[in-house]
Amino acid sequence: MKIAVCVKAVPDTESKIAIAGDKKNIDFNGVRIITSPYDEFAIEEALKLKEKNGGETTVFSVGGAEATDVLRDSLARGIDSAVHINDEEFAGLDPLSTAKVLAAALKDGGYDAIFCGQQGVGGDNNQVPVMLAELLNMAQASIIVKLEIDGNKFKAEREIEGAHEFVEGTLPAVFSTQKGLNEPRYPSIKGVMAARRKEIAVKNAEALGVKGQFTVESRKVKVKEMALPKERPLGRKLDGDADAQVKQLVELLKTEARVI
Amino acid sequence: MAEGILVFIEQRQGKIRKASLEALSEAYKQAKTAGGNVTALIVGKDVKSLAGTLPKYHPHKVLVVDGADFENYSTDAYANALAEGVKSVSPKYVFAANTSMAKDLIARVAARLDAPCVSDVTDFESEGNNLLARRPQFSGKAYTVFEFNSPLAFMTLRPNVFAVQESSNNVNCPIEDLQVAAGDIKARVTETHASAGNKIELSEASIIVSGGRGIKGPENWPVLQNLCDALGAALGASRAVVDAGWIDHQHQVGQTGKTVSPQLYIACGISGAIQHLAGMNSSKVIVAINNNPDAEIFKHATYGIVGDCLDVVPKLTEEIKKLHANN
Ligand SMILES: Cc1cc2nc3c(=O)[nH]c(=O)nc-3n(C[C@H](O)[C@H](O)[C@H](O)COP(=O)(O)OP(=O)(O)OC[C@H]3O[C@@H](n4cnc5c(N)ncnc54)[C@H](O)[C@@H]3O)c2cc1C
Ligand SMILES: Nc1ncnc2c1ncn2[C@@H]1O[C@H](COP(=O)(O)O)[C@@H](O)[C@H]1O
């Protein structure tokens, strides 16, 4: 089986966020970069599928220099090979453009299954996997918590509002992974050492045959402005013993906040 | 020129999602700025009568895609329906509620039509006839305003943020069939199992009571459930207690759980980690009950009670019951 995984390098969710001088992005100075947490489920599911069915696994990431460590992390967990898609033209891509770049890299690979995280944390778009499925004309099952693959058939489970639904379809397919699907393994020391020696293939816009397609001018959606959220007005701690506090709270919820 | 707004109306098992009505109401409001008409599109099997309930939200037209192939959701058939809907009315914007169906569907159709998409919008701005979309990113630690450079753009709207505006008068508008071939279906939903647990869906609840590690153990959920029942609230949870196996993941609020925006969010024994805040900090009013006066959650709470939640919550439940008994 040929299995691909797409991973995104993102700021650690614990990071303190500041806005860059041009107000179009966050300030990455001093921000720790990690593999987007949902992508860990994608890596794990790819490894499990290979353990079961044999085959090869390749990880892809579109990004600048920060993507290198993230790709090494995937290799350290046991992914066979890595492709770093890096070009100045790809800086700050929107989800549709990211999906197009990934599609260009994946389209001739003959992949049976492509795993993505359900959401790249930070951007929080939930878009790239299903756009990629569309561009590659593949089946999809998004935000899945369970997956069974048997021959070229799959059955996936997804959580929806107030219910679980089961999706059945045919490979090749794109899957986006949600917490609950598996327990991601940590890289072993041996894996980390081996990953250090592995070569990461690098592809630019020209190699993918998309040079000039993703210039800033041609983008269909742009950040106009980023800002920090308005501070919530400082909350009020209530006084007195538990009984007094509860009485006060109910009164405030009723007459001041008017939510009950 | 493309103009107006097409709204995808989500229905499951003969029920329209409230969040879709919020999106439709907001489209009516924004169309006054953006210009053009509002069209509602509903997809399913035997959904004609449901379509008939939509005119009071002021669309200019309702489009219905009806057929056996659309009875159960499949990405492929529904994507064909929405793509055909877009082709038939050529809107400038497509709105949908940001639900699990939308997360599966909307961006796929956007890619098919080579149009950009912004997810989880919580506010709109305008520039001339153009809409700008505002949304939280980075777990709510930043807000981004997006502008479009495209004749067509898709947006999903965060549930519970926009108001439903319905007309009490009899309003009429044309309800038209749209013939769509379901096409090649590569994957389809074959079963749906309702989950036990919340009667009110978390992302649509107007009040949520959530419990974290401070509730001490799963045997204490009834304490919180009683408060939920008194308030008509849904029960939420932190990841720590979901990971500990005290409650099912469908209750989890936060970055790896659900994003919620209720009128009132009561956090019981929850420390206020950033990943939890990411899922609930757009709530209108936040109440924190925590025995540690320095807990982070108090910095985000409208009202805070320092105390043992197992002591405070039953008292609060009694007080709410008294309030309702007196009304
Ligand atoms: C990638 C990633 C994603 C994550 N996603 C999520 C997510 O989606 N949702 C989420 O919630 N977390 C998430 N987390 C975990 C998050 O960082 C915290 O670990 C978690 O929210 C803590 O849960 P808690 O507040 O219940 O527990 P704790 O942090 O242990 O807090 C318990 C609180 O209860 C108080 N307390 C103790 N006893 C009592 C009592 N008797 N009465 C009142 N108060 C009491 C304590 O003072 C404390 O403040 C994520 C973490 C990571 C790294
Ligand atoms: N730059 C990228 N490189 C590789 N994969 C990506 C990239 N951006 C997004 N993805 C994949 O798409 C998923 C969802 O991302 P998003 O749509 O941005 O929320 C991520 O979890 C990744 O699997």
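Everything here concerns the structure above.
Not measured: the values here are computed from a predicted model.

Peer 1: Tell me about the site of ligand 1, and name the residues and values.
Peer 2: Residues and elements named next belong to chain B. Neighbouring ligand 1 are 26 residues; Ser238, Thr256, Ser271, Gln275 and His276 lie closest to it. In this structure, a nitrogen atom belonging to ligand 1 sits 3.4 Å away from a main-chain N or O atom of Gly214. Considered on its own, ligand 1 offers 990 Å² of accessible surface; in the complex 81% of this is hidden by protein. Taken together, the elements giving at least two residues each to the shell around ligand 1 come down to α6 (239-243) and α7 (274-280). When grouped by side-chain class, the residues that make up the shell around ligand 1 number six nonpolar, 16 polar and four charged.

Peer 1: Outline the nonpolar core, listing residues and values.
Peer 2: Core analysis: the largest hydrophobic core is formed by 99 residues, its most contacted members being Phe154 and Phe175 of chain A together with Leu82 and Phe154 of chain B. If near-sequence neighbours (up to four positions away) are discounted, Phe154 of chain B is found in contact with Leu82, Val86, Val94, Ile106, Val109, Ala110, Leu113, Ala115, Pro116, Cys117 and Val118 of chain B. Counting residues in hydrophobic clusters, the runner-up holds 39 residues, among them Leu253 of chain A together with Leu235, Ile247 and Ile289 of chain B.

Peer 1: Residue-level account of the site of ligand 2, with values.
Peer 2: Residue and element names in this part refer to chain A. Inspection of the region around ligand 2 gives 18 residues, with Cys6, Asp39, Val62, Gly120 and Gln127 positioned closest. Asp39 is positioned with one of its side-chain polar atoms (N or O) 2.4 Å from an oxygen atom of ligand 2. Take Asn126: an N or O atom from its main chain is 2.9 Å from an oxygen atom of ligand 2. When the free accessible area of ligand 2 is taken as 480 Å², the share hidden by the protein chains comes to 98%. Secondary structure elements with two or more residues in the shell around ligand 2: β4 (56-62), α3 (95-106), β6 (113-117) and α4 (128-135). In terms of residues, the shell around ligand 2 owes the most to one element, β4, which gives three residues. Grouping the constituent residues of the shell around ligand 2 by class yields eight nonpolar, eight polar and two charged.

Peer 1: With reference to specific residues and values, describe the packing of aromatic side chains.
Peer 2: All names here are of chain A. In total, this model carries ten aromatic pairs over all chains according to the counting rule given. Seen from their ring centres, Phe154 and Phe175 are 5.0 Å apart, and the 85 degrees between their planes marks the pair as edge-to-face. With Phe154 in strand β8 (residues 153-160) and Phe175 in strand β10 (residues 173-177), this pair connects stretches of sequence that are 21 residues apart. Grouping residues by exposure puts Phe154 and Phe175 together as buried.

Peer 1: So what's going on with the interface of chain B and chain A? Which residues, and what values?
Peer 2: Counting residues at the interface gives 85 residues for chain B and 76 residues for chain A. Summed over both partners, the interface of chain B with chain A buries about 7,300 Å², with 54% contributed by carbon and sulfur atoms. Contact with chain A buries surface across chain B, with Arg108, Phe138 and Tyr303 of chain B losing the most and accounting together for 10% of the total. The tally of links between chain B and chain A comes to nine salt bridges. One can count 53 residue pairs in polar contact (both at pLDDT 80 or more) joining chain B with chain A. Of the residues that constitute the side of chain B that touches chain A, the class distribution is 36 nonpolar, 28 polar and 21 charged. Pairing of strand β9 (residues 163-170) of chain A with strand β13 (residues 187-194) of chain B involves seven bridges; the strand directions are antiparallel. Bridge pairing in β13 of chain B links Phe166 of chain A to Glu191 of chain B.

Each value, and the rule that gives it
- Per chain, the residues get numbers from 1 upward, laid out in the order the sequence is written.
- Whichever chain is written first is A, and whichever ligand is written first is 1; the rest continue in order.
- Totals for whole chains, interfaces and linings use all residues, but because this is a predicted model, local features are given only for residues with pLDDT of at least 70 and pairs of side-chain atoms are given and counted only at 80 or more.
- To get the side-chain values, take all heavy atoms of the structure and skip hydrogens and water.
- To be near a molecule or strand, a residue needs just one of its heavy atoms within 4 Å of it.
- Nitrogen and oxygen atoms within 3.5 Å of one another constitute a polar contact, given that in protein one can donate a hydrogen and the other can accept it, and given that sequence-neighbouring residues count only through two side-chain atoms.
- Accessible surface is estimated by sampling points in the Shrake-Rupley manner with a 1.4 Å probe; for residues, cover comes only from the protein chains shown.
- A run of DSSP states H or I qualifies as a helix once it reaches four residues; a run of E qualifies as a strand once it reaches two. Both are numbered from the N-terminal end.
- Residue polarity follows a fixed list, in which Ala, Val, Leu, Ile, Met, Phe, Trp, Tyr, Cys and Pro are nonpolar, Asp, Glu, Lys and Arg are charged, and the others, Gly among them, are polar.
- Residue types Ala, Val, Leu, Ile, Met, Phe, Trp, Tyr and Cys, when buried and joined through side-chain atoms within 4.5 Å, form a set referred to as a nonpolar core.
- Exposure is judged per residue with a 1.4 Å probe applied to protein chains only, and the accessible area is read against the type maximum: over 50% gives exposed, under 20% gives buried, and values in between give partly exposed.
- Throughout, a residue-residue contact means that at least one pair of heavy atoms, one from each residue, lies within 4.5 Å.
- Stacked, edge-to-face and tilted labels apply to pairs of Phe, Tyr and Trp rings (six-membered ring for Trp) whose centres lie within 6.5 Å, assigned for plane angles under 30 degrees, over 60, and everything in between, in that order.
- Summed over both partners, the accessible area (1.4 Å probe) lost when two parts come together is defined as the buried area.
- Definition used for salt bridges: Asp or Glu carboxyl oxygen within 4 Å of a side-chain nitrogen of Lys or Arg.
- Here, a strand pair is defined by DSSP locating no fewer than two bridges between the strands.

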